[in-house]
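Next come the chains, spelled out residue by residue.
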Amino acid sequence: MTSPSERRRSSREDFSVPEIGVLYYLEKAPSSASVSTHQWFPYFIDILNKNQTGVLVCSGKPLEARTTVYLEIYSRRDKSWSAYQGRVLWSEADGKKTGYYRLGLDLQPREQQSG
């Protein structure tokens, strides 16, 4: 019996999987009361590139410039999460993916809270 790799007619292509992250943004919470309340909403995003102070992400949700955000990025290499805080610098529709947006984020590492 032949193995699947021996029966395969073409070689497999390795995909460059983007890093993932969870972006938290503050938005008015749906409420039946007349009191205006805000809460943090999580949203999964793809990390496209990053440097010391900023990150370019792809999101299915546009956010306005100056929106305060928290971002947690998962590192496959280290198998750990890193936390950042900052704001949206700019947002624009992704020219290649309909319904997606590119967000430029200005971020700083979030300080660890001592217990």
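From a predicted model like this one, the values you see are computed outputs, not experimental measurements.

Caption draft 1: Expanded view of the overall build of the chain. Summing up its helical and strand segments, the chain has one helix and six strands in all. Overall, the chain shows an N-to-C arrangement of helices and strands of α-β-β-β-β-β-β. Sorting the 115 residues of the chain into buried and exposed places 22% on the buried side. In the structure as shown, the chain presents an accessible area of about 9000 Å², 48% of it carried by carbon and sulfur atoms.

Caption draft 2: Expanded view of the nonpolar core. Among the nonpolar cores identified, the biggest contains 14 residues, and Leu23, Ile47, Val57, Leu63, Val69, Leu71 and Leu105 are the most heavily contacted of them. If you list the elements that add at least two residues to this core, you get strand E1 (19-28), strand E2 (38-50), strand E3 (54-59), strand E4 (68-75) and strand E6 (101-109). Aside from chain neighbours lying at most four places away, what touches Leu105 is Leu23, Thr53, Gly54, Val55, Val57, Val69, Leu71, Arg87, Val88 and Leu89.

Caption draft 3: Just the side chain of Ser59, in detail. Mapped onto the fold, Ser59 is located in strand E3. Note on Ser59: relative accessible area 1%, which makes it buried. Filtering out sequence-adjacent residues up to four positions away, Ser59 remains in contact with Tyr43, Ile45, Gly99, Tyr100, Tyr101 and Leu103.

Calculation criteria
Residues numbered from 1 in each chain as written. Predicted model: local features only at pLDDT ≥ 70, side-chain atom pairs only at ≥ 80, totals over all residues. Heavy atoms only, no water. Helix = DSSP H or I, 4+ residues; strand = E, 2+ residues; numbered from the N terminus. Buried < 20%, exposed > 50% of the residue type's maximum accessible area, 1.4 Å probe, protein only. Areas by Shrake-Rupley, 256 points an atom, 1.4 Å probe, with all protein chains shown as cover. Core = buried A, V, L, I, M, F, W, Y, C linked by side-chain atoms within 4.5 Å. Contact = heavy atoms within 4.5 Å.

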